[in-house]
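Residues per chain, in single letters:
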Amino acid sequence: MTETTTPYAQNRQQLTIEGSELSFLDIGQGPVLLLGHSYLWDSDMWAPQIAHLSQHYRCIVPDLWGHGLSGALPSNCRNLRDIAAHMLSLMDHLQIDKFSVIGLSVGAMWGAELALKAPTRVQSLIMLGSFIGYEPEITRDKYYAMLELINNEQTISDKIIDTITPLFFANHPKTELVEIFKQKLKHFDSSNLDNLYQIGRMIFGRRDTMDDAHLLTLPCLIMTGVEDKARTVLEGYLMHDAIDGSEFVHIPDCGHISTLEQPDFINQRLSSFLSANFQV
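Criteria and thresholds
Residues numbered from 1 in each chain as written. Predicted model: local features only at pLDDT ≥ 70, side-chain atom pairs only at ≥ 80, totals over all residues. Heavy atoms only, no water. Helix = DSSP H or I, 4+ residues; strand = E, 2+ residues; numbered from the N terminus. Rg over C-alpha atoms; globule rule 2.2 N^0.38 Å. Contact = heavy atoms within 4.5 Å. Areas by Shrake-Rupley, 256 points an atom, 1.4 Å probe, with all protein chains shown as cover. Buried < 20%, exposed > 50% of the residue type's maximum accessible area, 1.4 Å probe, protein only. Core = buried A, V, L, I, M, F, W, Y, C linked by side-chain atoms within 4.5 Å. Salt bridge = Lys/Arg side-chain N within 4 Å of Asp/Glu carboxyl O. Axes fitted to C-alpha atoms, helices over the stretch in contact; angles between N-to-C directions. Parallel < 35°, antiparallel > 145°, perpendicular 65-115°, else oblique. Nonpolar A, V, L, I, M, F, W, Y, C, P; charged D, E, K, R; others polar. Expected span 1.5 Å × (residues − 1). Polar contact = N/O pair within 3.5 Å; in protein donor to acceptor, adjacent residues only side chain to side chain. Lys, Arg positive; Asp, Glu negative; His and termini not counted. Phe/Tyr/Trp six-rings, centres within 6.5 Å; stacked < 30°, edge-to-face > 60°. Lys NZ or Arg CZ within 6 Å of the ring centre and 35° of its normal.

Visitor: Run through the overall build of the chain, naming residues and quoting values.
Guide: Across its full length, the chain holds 10 helices and eight strands. For the chain, the C-alpha radius of gyration of 17 Å lies close to 19 Å, the compact-globule estimate for 280 residues. When the backbone C-alpha atoms are referred to their principal axes, the chain occupies close to 50 × 40 × 35 Å. Once local pairs closer than 6 in sequence are excluded, the contacts in the chain between residues at least 24 apart make up 76%. Total accessible area on the chain is roughly 11600 Å²; 50% of this is exposed by carbon and sulfur atoms.

Here you go:
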């Protein structure tokens, strides 16, 4: 597990799923939002949104397996659909029937799988900086090579950190965000590197969920940073075209981690979309 600096420690709980501890935050009251963070980050990534949304909504914010304060990937977890099933188990445990999903990157990938798995329960889907189709072969092979290097060396080297970091931010990023991310990687728990490897292989070797995009008939908002290098605006458009009735928004002056790079813009868009779909 990696150290977390979330200001909501008193709201943190754990649930045992298939022998491993899933850590999550439960904050606020009202319609329920399930928030999924990016690979290599944790629930802290949502801090500006939690502060804003928890005034009117109940925010359930898990740490992905092997990230934050969650435990190891369960041994029989093989793909993003399995992770979606785990998140549904979390909702069952909390006796929450209906909820919306807000996901960034892999959080949106498993979020889409969850919406497909439980269409009568997921009320709306918001996907930030994500793509639910196949990983393009060139980038998939590049990411696989980096994962193999990390796995073989059993460390995230400075060279890898310097290669990965620019993928997460705009062209002229906020220095403090870059430094926070680098420190997260430098101090990533070495005992979790196998989880990092396995989850990375799941993400970049994911199925083509776009095959089922026509089944996503719920309200859907797609947002992509105009300077996102990990998930391009084109990919956002492709999802928008495939999901009938979806809304697509460009996030200005923003890379991949929009929740921290442009928190006010994201909060405003989330509030606008959610208020149009819920009475709060």
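Back to the text.
Visitor: Mind laying out unusual backbone geometry, listing which residues take part and the relevant values?
Guide: Excluding glycine, residues mostly have negative phi values, and the peptide bonds linking residues are mostly trans. Residues other than glycine seldom take positive phi values, yet Glu18 does so here, at roughly 50 degrees. One can find Glu18 in the loop between β1 (12–17) and β2 (20–27). One non-glycine residue with positive phi stands out, namely Ser105, at about 60 degrees. By the secondary structure assignment, Ser105 is in the loop between β5 (99–104) and α3 (106–117). A relative accessible area of 10% means that Ser105 is categorised as buried.

Visitor: Please set out the nonpolar core residue by residue, giving values where relevant.
Guide: Leu34, Phe99, Ile102, Leu114 and Met127 are the most contacted members of the largest nonpolar core, which has 100 residues in total. Excluding its chain neighbours within four sequence positions, the residues that come into contact with Phe99 are Val32, Leu34, Leu88, Met91, Leu114, Arg121, Val122, Gln123 and Ser124.

Visitor: Outline the pattern of salt bridges, listing residues and values.
Guide: Summed over all chains, the structure comprises 14 salt bridges. Residues Arg231 and Glu135 are paired through a salt bridge, measuring 3.0 Å at the closest nitrogen-oxygen approach. Taken together, the residues Arg231 in the loop between β7 (220–225) and α8 (233–242) and Glu135 in the loop between β6 (122–128) and α4 (137–153) connect sequence positions 96 residues apart. Salt-bridge contacts for Arg201 lead to Glu148; the nearest nitrogen and oxygen are separated by 3.8 Å.

Visitor: Summarise the packing of helix α2 (residues 80–93) against α3; cite the residues concerned and give the values.
Guide: Relative orientation of the contacting elements α2 and α3 amounts to 70 degrees, with a least axis distance of 8 Å. One element, α2, and the other, α3, form an angle in the roughly perpendicular class. In this structure, α2 contributes Leu80, Arg81, Ile83, Ala84, Ala85, Met87 and Leu88 to the contact, and α3 contributes Val106, Met109, Trp110, Glu113, Leu114 and Lys117. Of the residues assigned to the contact of α2 with α3, the class counts are 10 nonpolar, no polar and three charged.

Visitor: Describe α2, naming the residues involved and giving the relevant values.
Guide: In this model α2 runs 20 Å from its N-terminal to its C-terminal C-alpha over 14 residues, within 8% of the 20 Å that 1.5 Å per residue would give. For α2, the full list of buried residues reads Leu80, Ile83, Ala84, His86, Met87, Leu88, Leu90 and Met91. A positive backbone phi angle near 60 degrees is found at Gln95, which sits one or two residues after α2.

Visitor: Could you give me a rundown of the side chain of Arg231, with the residues and numbers involved?
Guide: Here Arg231 falls in the buried class, since its relative accessible area comes to 4%. Of note is the side chain of Arg231, whose polar atom sits 2.8 Å from the side chain of Glu235. The residues contacting Arg231, other than those within four sequence positions of it, are Met109, Gly129, Ser130, Phe131, Glu135, Pro136, Arg206, Thr224 and His256.

Visitor: Hey, could you go over the side chain of Asp208 for me, with residue numbers and the actual values?
Guide: By the element assignment, Asp208 lies in the loop between α7 (193–204) and β7. Buried charged residue Asp208 carries no salt bridge. Nearest counter-charge: Arg207, at 7.4 Å. In this structure the side chain of Asp208 is engaged in a polar contact, spanning 3.1 Å, whose partner is the backbone nitrogen of Met210. When residues no more than four places from it in sequence are discounted, the contact partners of Asp208 are Ile132, Gly133 and Tyr134.

Visitor: Give me the packing of aromatic side chains: which residues, what numbers.
Guide: Summed over the entire model, instances satisfying the criterion amount to eight aromatic pairs. Between the aromatic rings of Trp41 and Phe181, the centroid separation amounts to 4.9 Å while the plane-to-plane angle is 5 degrees, which identifies the pairing as stacked. Highlighted residues: Trp41 in the loop between β3 (32–36) and α1 (47–53) and Phe181 in helix α6 (residues 175–186), separated in sequence by 140 residues. In terms of burial, Trp41 and Phe181 fall into one category: buried. With a centroid separation of 4.5 Å and an interplanar angle of 35 degrees, the aromatic rings of Tyr143 and Phe204 are classed as tilted. A residue pair is termed long-range when its members are at least 10 positions apart, and Tyr143 in helix α4 and Phe204 in helix α7 qualify at 61 residues. Across the pair, Phe204 and Tyr143 agree in class, each one buried. Members of the aromatic cluster, connected to one another through ring pairs, are Trp41, Phe168, Phe169 and Phe181. Note that Arg201 overlies the ring of Tyr144, its terminal NZ or CZ placed 3.8 Å from the centroid.

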